[in-house]
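# Chains, contacts and geometry: an overview
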Amino acid sequence: MTTLTKEKSALAYLLSAPVIVASLGYFVDIYDLLLFGIVRIPSLTELGLDEAARSIEGASILNWQMTGLLLGGVLWGVLGDKKGRLSVLFGSIITYSIANFACGFVHDVFIYKILRFIAGVGLAGELGAGITLVSESLPKRLRALGTSLVAGVGVLGAVVGYFTVELFSWRNAYFIGGGMGILLLFLRIGVFESGMFHAMKAKEQLSKGNFLSFFTKKSRLILYLKCIGVGLPTWFVIGILATFSNEIGKALHISEAIKPGLAVMWCYVGLAAGDLVSGLLSYWLESRRKAVAFLMLFAAIGTVLFLFGGIETSRGLYLMCLWTGFGIGYWAMFVTIGAEQFGTNVRATAATTIPNMVRGTVVLMTTFYTFLKPQVMELYAAGIVGLICFAIGFYCIKTIPETHHKDLDFVED
């Protein structure tokens, strides 16, 4: 096969329906997932909360959403291995689209929490099912590029979310998110199920989607926990540095008020670029681990500069959001690693629960950060949480098995 023919073949795979639809699905997913972080201050202000209450209730609502992601990850992961990857892609988007429409009508903080919890449950299924479907549909030499393309396009949903809120009210931003979700359902009608899933489904005696199987074998449990550990720095950057950038800005004595929504947007601009670069790095280095380790180190350096580099302006802080966002751009590679570690009969469960376990740890991060603030102030509180997350992340990526050349056509016993 000539080089030109190979390039055309690779392009055909990367522009295939599963990749395009998964990319657009993740775009809507990220828009809706990050929307509360962007509208947190204006929405809670309109609901009558003062600055102190906005900080407390904002963290609480975020925790409700992340708890929904944690539980939804298990629900959709099991369903994806039992009923198929496409069943998750349809069911999850219906759930979070309805919840987002309802958020546009909210007038009570408690109802807001319930709706973000439901939205979190729905949002949990999108990425894992999409990455699993793409990973099983592409040749192994193109898996890194395909999944990075999905994430690179998808995370731009945060950018669109920010500008949507700038142009429209926060309520209309929720309506737009729900509407995009419904439109996406029509695009998914022509997407076919993974061939590996069909082959696995025919094995009636095989246990499928057994979440507890990750805890019944020591080596499998350690591997599962390491996959989660690799992702911790990503949501430290998003859930602490970007989301609470207004508090960090005050601690740095920056005179101009910092907009968390804008900080999140710049973080995701960097993340989109990092996702694309991580795929190329993995492709060139023929190693998932080296690509992730390089970007994780970049994010760690950026975190130190963010908190202790003497930033004096809002522009400098947003630039560091861009820097750290690029560093955590190994997000797609991290999810791909999780999918590639486990057999077809639990792959959707792994690929869906692992990133949502990481998202769920934001509850612990924000709780610990809130606990530490009165003791050591904002900068050191964030620094301590970050040190723990990066230490775990580096250990896990150093010791996890390489999967770049791994054949995915296997099952777990």
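Residues numbered from 1 in each chain as written. Predicted model: local features only at pLDDT ≥ 70, side-chain atom pairs only at ≥ 80, totals over all residues. Heavy atoms only, no water.

At a minimum axis separation of 11 Å, helix 11 (residues 218–242) and helix 14 (residues 288–308) run at an interaxial angle of 30°. On the basis of their axis angle, the class for helix 11 and helix 14 is roughly parallel. Our pair here, helix 11 against helix 14, has a crossing hand that is left-handed. Of the residues in helix 14, those touching helix 11 at Val230, Pro233, Phe236, Val237 and Leu241 are Val292, Met296, Thr303, Phe306 and Leu307. For the contact of helix 11 with helix 14, a count of residues per class yields nine nonpolar, one polar and no charged. (Axes fitted to C-alpha atoms, helices over the stretch in contact; angles between N-to-C directions. Helix = DSSP H or I, 4+ residues; strand = E, 2+ residues; numbered from the N terminus. Parallel < 35°, antiparallel > 145°, perpendicular 65-115°, else oblique. Left-handed = near helix turned anticlockwise from the far one by under 90°. Contact = heavy atoms within 4.5 Å. Nonpolar A, V, L, I, M, F, W, Y, C, P; charged D, E, K, R; others polar.)

Here we take up the domain arrangement of the protein. Domain annotation for the protein reports domain 1 (15–193) and domain 2 (216–412). One C-alpha centre belongs to domain 1, the other to domain 2; they are set 18 Å apart. Domain 1 puts 53 residues into the contact, and the matching count from domain 2 is 55 residues. Both faces considered, domain 1 and domain 2 share a buried interface measuring about 4100 Å² in area, 66% of it formed by carbon and sulfur atoms. The largest contributions to the domain 1 side of the interface with domain 2 come from Met66, Arg143 and Tyr162, which together make up 13% of the buried area. Where domain 1 meets domain 2, there are two salt bridges. Here the side of domain 1 that touches domain 2 takes 16 residues from helix 3 (residues 51–83), the largest share from any one element. Here the side of domain 1 that touches domain 2 is built from residues that sort into 29 nonpolar, 14 polar and 10 charged. (Domains from an automatic or database assignment. Buried area = accessible area lost by both parts, 1.4 Å probe. Salt bridge = Lys/Arg side-chain N within 4 Å of Asp/Glu carboxyl O.)

Before going further, it helps to spend a moment on the nonpolar core. Counting residues in hydrophobic clusters, the biggest one holds 128 residues, and the most contacted among them are Tyr112 and Tyr268. If you tally residues by element for this core, the top one is helix 17 (residues 347–399), at 17 residues. Among the domains, domain 1 (15–193) and domain 2 (216–412) are the pair contributing at least three residues each to this core. Those residues in contact with Tyr268 that lie beyond four places of it in its chain are Ile30, Leu34, Val155, Ala158, Trp235 and Ile238. (Core = buried A, V, L, I, M, F, W, Y, C linked by side-chain atoms within 4.5 Å. Buried < 20%, exposed > 50% of the residue type's maximum accessible area, 1.4 Å probe, protein only.)

Moving on to the packing of aromatic side chains. One pass over the structure, following the stated rule, counts 23 aromatic pairs. Centre to centre, the rings of Phe298 and Phe326 are 5.4 Å apart; their planes meet at 75°, and the pair counts as edge-to-face. With a gap of 28 residues between them, Phe298 in helix 14 and Phe326 in helix 15 (residues 314–327) connect regions that are remote in the sequence. Residue class for Phe298 comes out partly exposed when judged on its relative accessible area of 28%. Taken together, the ring pairs connect Phe211, Phe214, Phe215, Tyr224 and Phe342 into an aromatic cluster. Across the ring face of Phe244, the terminal group of Arg40 is positioned such that the distance to the ring centre comes to 5.6 Å. (Phe/Tyr/Trp six-rings, centres within 6.5 Å; stacked < 30°, edge-to-face > 60°. Lys NZ or Arg CZ within 6 Å of the ring centre and 35° of its normal.)

Here we come to the packing of helix 2 (residues 17–46) against helix 5 (residues 109–123). Taken N-terminus to C-terminus, the directions of helix 2 and helix 5 make an angle of 165°; their axes are 10 Å apart at the nearest point. With respect to helix 5, the element helix 2 is oriented roughly antiparallel. Of the two possible hands of crossing, helix 2 and helix 5 adopt the one that is left-handed. Of helix 5, the residues touching helix 2 (which contributes Asp29, Asp32, Leu33, Phe36, Val39, Ser43 and Leu44) are Tyr112, Arg116 and Leu123. Residue classes in the contact of helix 2 with helix 5 are distributed as six nonpolar, one polar and three charged.

Okay, the confidence of the model for the protein next. Averaged over every residue, the pLDDT of the protein is 85; residues scoring 70 or more account for 92%. Element-level pLDDT for the protein is lowest in helix 10 (residues 195–201), with a mean of 56, against a maximum mean of 96 in helix 14. (pLDDT = per-residue confidence, 0-100.)

A few words on the pattern of salt bridges. Pairing is possible between side chains that carry opposite charge, provided their charged atoms lie close to one another. This model, assessed by the stated rule, comprises six salt bridges. Its salt-bridge partner being Arg171, residue Glu46 comes within 3.2 Å of it at the nearest N-O pair. Residue Glu46 is found in helix 2, and its partner Arg171 is found in helix 9 (residues 170–187); the two are separated by 125 residues along the sequence. A relative accessible area of 48% places Glu46 in the partly exposed class. The buried category is assigned to Arg171, whose relative accessible area is 14%. In this structure, Arg288 engages Glu340 in a salt bridge whose closest nitrogen and oxygen atoms are separated by 2.7 Å.

Looking now at a nonpolar patch on the surface. On the surface, a nonpolar cluster with roughly 450 Å² of combined accessible area is contributed by Leu11, Leu15, Ile20, Leu24 and Leu187. Structurally, Leu11 can be placed in helix 1 (residues 3–14). (Patch = residues over 30% accessible without salt bridge, like charges linked within 9 Å, V, L, I, M, F, W, Y side chains within 5 Å. Areas by Shrake-Rupley, 256 points an atom, 1.4 Å probe, with all protein chains shown as cover.)

Along the chain, the position of Glu378 falls in helix 17. Summary of buried charges: Glu378 has no salt-bridge partner, and the nearest side chain of opposite charge, Lys373, is 5.1 Å away. Setting aside its immediate chain neighbours within four residues, Glu378 contacts Glu247, Ala251, Tyr369 and Lys373. (Lys, Arg positive; Asp, Glu negative; His and termini not counted.)

Our next topic: the side chain of Thr403. In this fold, Thr403 is placed in the segment after helix 17. A polar atom in the side chain of Thr403 sits 2.5 Å from the side chain of Glu340. When neighbours within four sequence positions are excluded, Thr403 is seen to be in contact with Arg143, Arg288, Ile337, Glu340 and Gln341. (Polar contact = N/O pair within 3.5 Å; in protein donor to acceptor, adjacent residues only side chain to side chain.)

Positive phi, normally seen in glycine, also occurs at His253, with a value near 65°. Here His253 is to be found in the loop between helix 12 (245–251) and helix 13 (260–285). Here Met377, not a glycine, exhibits a phi torsion of approximately 75°, which is positive. Position of Met377 relative to the elements: it lies in helix 17.

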